[in-house]
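# Notes for the structure review
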Amino acid sequence: MNELEEGTRLTLDFDKLAGVAATGARVVPVVLQDASSGDVLFIGYANDQALKATLDERIAVLWSTSRNELWRKGATSGDVLELVDVRVNCEQNSLLYLVNRTTGGACHTKDASGEARPTCYYRSVTDTETLRHLS
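All values reported here derive from a predicted model rather than from experimental measurement. (Residues numbered from 1 in each chain as written. Predicted model: local features only at pLDDT ≥ 70, side-chain atom pairs only at ≥ 80, totals over all residues. Heavy atoms only, no water.)

Before going further, it helps to spend a moment on the packing of aromatic side chains. Two numbers describe a pair of aromatic rings. These are the distance of the centres and the angle of the planes. With the rule as written, the count across this model stands at one aromatic pair. Ring geometry for phenylalanine 42 versus tryptophan 71: centroids 5.8 Å apart, planes at 35°, classification tilted. Pair noted here: phenylalanine 42 is in strand β2 (residues 40-46) and tryptophan 71 is in strand β4 (residues 69-72), with a separation of 29 residues, a long-range link. For phenylalanine 42, a relative accessible area of 7% puts it in the buried group. Tryptophan 71 sits in the partly exposed class, given a relative accessible area of 28%. When the ring centre of tyrosine 122 is taken as origin, the NZ or CZ atom of arginine 117, which lies over that ring, is 3.8 Å away. (Phe/Tyr/Trp six-rings, centres within 6.5 Å; stacked < 30°, edge-to-face > 60°. Helix = DSSP H or I, 4+ residues; strand = E, 2+ residues; numbered from the N terminus. Buried < 20%, exposed > 50% of the residue type's maximum accessible area, 1.4 Å probe, protein only. Lys NZ or Arg CZ within 6 Å of the ring centre and 35° of its normal.)

Set out below in structure tokens:
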């Protein structure tokens, strides 16, 4: 079992943004939200190339901060996110991709039945050290 993705111990990565900044990558955070349900699926990052590809291809395209390359969500998993709208916040330092899931999944992790989870937010924080799986 992958403790980080499946465990019940809270181990937040408070260094994530510092790590992204250290690479010099020019990105903004992107919230990906299901256009129908309103569920937040996950948060990613976009640079100018990813935003252009998203608008041109009408699917969620992000910048992978771990691989330093464009990431077309679903290219390997099949869990493509079709674009409905792109919105920008008041300070123009983050984006919101409203999307439709083409499959039930959005997360790279799998549930007990082996299916991709519909959102990456499948655990609740109960205290400063503990997580609880949502049903």
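Right, let's get into the UniProt feature "domain: Phosphoribosyl-AMP cyclohydrolase" (unreviewed entry) in the protein chain. Per the UniProt record, the feature "domain: Phosphoribosyl-AMP cyclohydrolase" (unreviewed entry) sits at residues 43-113. Between the end C-alpha atoms of residues 43-113 the distance is 24 Å, and the span holds 14% helix and 38% strand. (UniProt positions renumbered as here; feature names shortened; annotations may be inferred.)

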